[in-house]
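# Examining the three-dimensional arrangement
As a plain string of letters, each chain reads:
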Amino acid sequence: MHIFKDVKSYSKWRESIDTSVGFVPTMGCLHAGHSFLVQNSVKENENTVVSIFVNPTQFGPNEDFEKYPRTIDDDIRLLEETGCSAVFLPYNKMMYDNPKVFVDVDELDEMLCGEKRPGHFKGVLTVVAKLFNIIRPTRAYFGEKDYQQFVIINKMVKDLFFELEMRMIPIVREKDGLALSSRNRYLCEEHRKHAVILSEIIRFAQENCFEGMKITEAYKMIRNKFLENIPDFMKVDYVDIRNGNDFRFEDNITRDSRIFLAIYCGETRLIDNGKIL
Ligand code: AMP
């Protein structure tokens with residue numbers, strides 16, 4: 001497995017490749033969710049490149065950029081086992097050398113995580129655009145776990161004519177339903193036990209909502225069953241049912257409805273989402 005730390009050495013390798021390249025961008029601290037993206041890429045491409053870069057521009061001033069877990073040796077070991085061809089490990093100064101140009105999106109970043117984390121998607125789009133230009137992938141792999149992120153990057157790919165295929169890969173979960181996340185390691189035992197509430201709410205919505213049901217009714221059910229008795233250390237950032245294509249509010253549940261959740265468990269902000277019908 002090749003390890004590249006700068007654009008020049010990566011480009012030299014890339015120019016020697018005339019078969020397909022699958023690309024999995026990550027922030028490291030890899031888990032089975034990331035491995036699943038890599039496995040999908042390995043299946044569909046002759047070469048797979050994984051980037052590991054904790055992107056400073058997608059973190060707000062009071063977020064966890066400094067303390068975001070960095071486990072590079074373990075990550076490289078895991079990638080060697082998955083059949084990954086190359087790892088790209090850029091450094092901040094190379095990615096952001098006196099930057100003046102950023103990529104941004106209208107409307108799609110005004111709700112859900114975009115509303116709660118101003119500037120987050122601008123940082124994501126900017127780094128992903130840079131990485132797409134460096135890596136030059138045939139296909140790029142993203143997790144359904146960050147569904148809003150996928151929709152926004154997909155729009156960038158279309159609007160800016162990036163020549164690549166976007167693939168969305170299903171969420172990998174723990175046995176009890178908690179979506180795997182690098183941030184789960186912040187959770188103490190007590191918080192971890194209660195973190196399962198996010199996936200329980202999704203499952204409850206899937207089992208109890210029906211086409212045409214008033215969304216205000218769905219919220220009432222979710223509030224009564226889950227949110228009224230939530231422990232003090234949990235704070236709901238949002239629990240929203242929206243149209244999954246453009247995140248519009250709707251009056252009734254439709255085939256396009258998705259439930260989106262962001263809940264703080266202590267200091268740790270957990271997100272999850274799922275299609276309802
Ligand atoms: P991150 O390192 O958190 O930026 O995530 C890198 C990629 O892995 C993103 O496309 C995520 O959506 C995806 N991902 C993270 N957690 C999971 C999971 N539990 N299942 C599937 N994909 C995931």
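As the structure is a prediction and not an experimental result, all values here were calculated from the model. (Residues numbered from 1 in each chain as written. Predicted model: local features only at pLDDT ≥ 70, side-chain atom pairs only at ≥ 80, totals over all residues. Heavy atoms only, no water.)

## Examining the side chain of Asp-75
Within the fold, Asp-75 resides in helix α3 (residues 72–82). In terms of polar contacts, Asp-75 uses its side chain to reach the backbone amide nitrogen of Cys-29, at 2.9 Å. When neighbours within four sequence positions are excluded, Asp-75 is seen to be in contact with Gly-28, Cys-29, Leu-30 and Ile-52. (Helix = DSSP H or I, 4+ residues; strand = E, 2+ residues; numbered from the N terminus. Polar contact = N/O pair within 3.5 Å; in protein donor to acceptor, adjacent residues only side chain to side chain. Contact = heavy atoms within 4.5 Å.)

## Details of the domain arrangement of the protein
Per the domain assignment, the segments of the protein are domain 1 (2–169) and domain 2 (182–275). Look at where the C-alpha atoms of domain 1 and domain 2 centre, and you get two points 26 Å apart. The interface is formed by 23 residues belonging to domain 1 together with 17 residues belonging to domain 2. Buried area between domain 1 and domain 2, both sides added, is near 1,900 Å², and the carbon and sulfur share of it is 56%. When residues of domain 1 are sorted by the area they lose upon contact with domain 2, Leu-112, Lys-116 and Tyr-147 head the list and together hold 31% of the total. If you look at where domain 1 meets domain 2, you find 3 salt bridges. Among the salt bridges present, the one from Asp-64 reaches Arg-183, with a minimum N-O distance of 2.8 Å. One can count 12 residue pairs in polar contact (both at pLDDT 80 or more) joining domain 1 with domain 2. (Domains from an automatic or database assignment. Buried area = accessible area lost by both parts, 1.4 Å probe. Salt bridge = Lys/Arg side-chain N within 4 Å of Asp/Glu carboxyl O.)

## Considerations on the site of the ligand
Residues in contact with the ligand amount to 16 residues; listed here are only the nearest, Met-27, Gly-143, Asp-146, Val-172 and Leu-180. Interatomic distance of 2.9 Å between a side-chain N/O atom of His-34 and an oxygen atom of the ligand. Within the backbone of Gly-143, one N or O atom sits 2.9 Å away from an oxygen atom of the ligand. Out of a free accessible area of 490 Å², the ligand has 92% covered by protein chains. At 3 residues, the largest contribution of residues to the shell around the ligand is made by helix α2 (residues 32–44). Of the residues in the shell around the ligand, the class split is 9 nonpolar, 5 polar and 2 charged. (Near = heavy atom within 4 Å. Areas by Shrake-Rupley, 256 points an atom, 1.4 Å probe, with all protein chains shown as cover. Nonpolar A, V, L, I, M, F, W, Y, C, P; charged D, E, K, R; others polar.)

## A word on the sheet that holds strand β1 (residues 2–4)
Taken in spatial order, the 6 strands of this open sheet run β1-β4-β3-β2-β5-β6, and their pairing is parallel. Both edges of this open sheet fall to β1 and β6 (165–169), since each of them pairs with a single strand only. Across the sheet, the mean angle from the axis of one strand to that of its neighbour is 25°, orientation sign disregarded. Strand direction decides the pairing type here: strand β2 (residues 21–26) and strand β5 (residues 139–143), joined by 2 bridges, are parallel. Across the sheet, the residue bridging to Phe-23 is Ala-140, located in β5. Set on the sheet, α3 makes contact with β1, β3 (47–52) and β4 (86–88); between it and β3 the angle comes to about 170°. (Pairing = 2+ DSSP bridges. Axes fitted to C-alpha atoms, helices over the stretch in contact; angles between N-to-C directions.)

## Some remarks on the packing of helix α9 (residues 197–208) against helix α10 (residues 215–227)
Look at α9 against α10: their axes get within 11 Å of each other, and the N-to-C directions meet at 140°. By the angle class used here, α9 and α10 are oblique. The interaxial crossing formed by α9 with α10 has right-handed handedness. The segment α9 lies against α10, with Ile-197, Glu-200, Ile-201, Phe-204 and Asn-208 engaging Met-221, Ile-222, Lys-225, Phe-226 and Leu-227. Counted by class, the contact of α9 with α10 contains 7 nonpolar, 1 polar and 2 charged residues. (Parallel < 35°, antiparallel > 145°, perpendicular 65-115°, else oblique. Left-handed = near helix turned anticlockwise from the far one by under 90°.)

## So, the pairing of strand β9 (residues 268–275)
Across the 8 residues of β9, 6 count as buried, placing the element largely inside the fold. Looking at chain direction, strand β8 (residues 257–265) and β9 are connected through 8 bridges and run antiparallel. The residue of β9 that forms the bridge with Cys-265 is Thr-268. Linking β8 to β9, which pair antiparallel, is a turn of 2 residues; within it Gly-266 sits at a positive phi near 65°. (Buried < 20%, exposed > 50% of the residue type's maximum accessible area, 1.4 Å probe, protein only.)

## A closer look at helix α7 (residues 147–159)
Taking 1.5 Å of rise per residue, 13 residues should cover 18 Å, and α7 covers 18 Å from first to last C-alpha, within 8% of that figure. Turning to α7, its buried residues are Tyr-147, Gln-148, Gln-149, Phe-150, Val-151, Ile-152, Ile-153, Met-156 and Val-157. Buried residues belonging to α7 abut α5 (113–116), α6 (120–135), β5, β6, β8 and β9. Remark: Phe-161 follows α7 within two positions and exhibits a positive phi of approximately 55°. (Expected span 1.5 Å × (residues − 1).)

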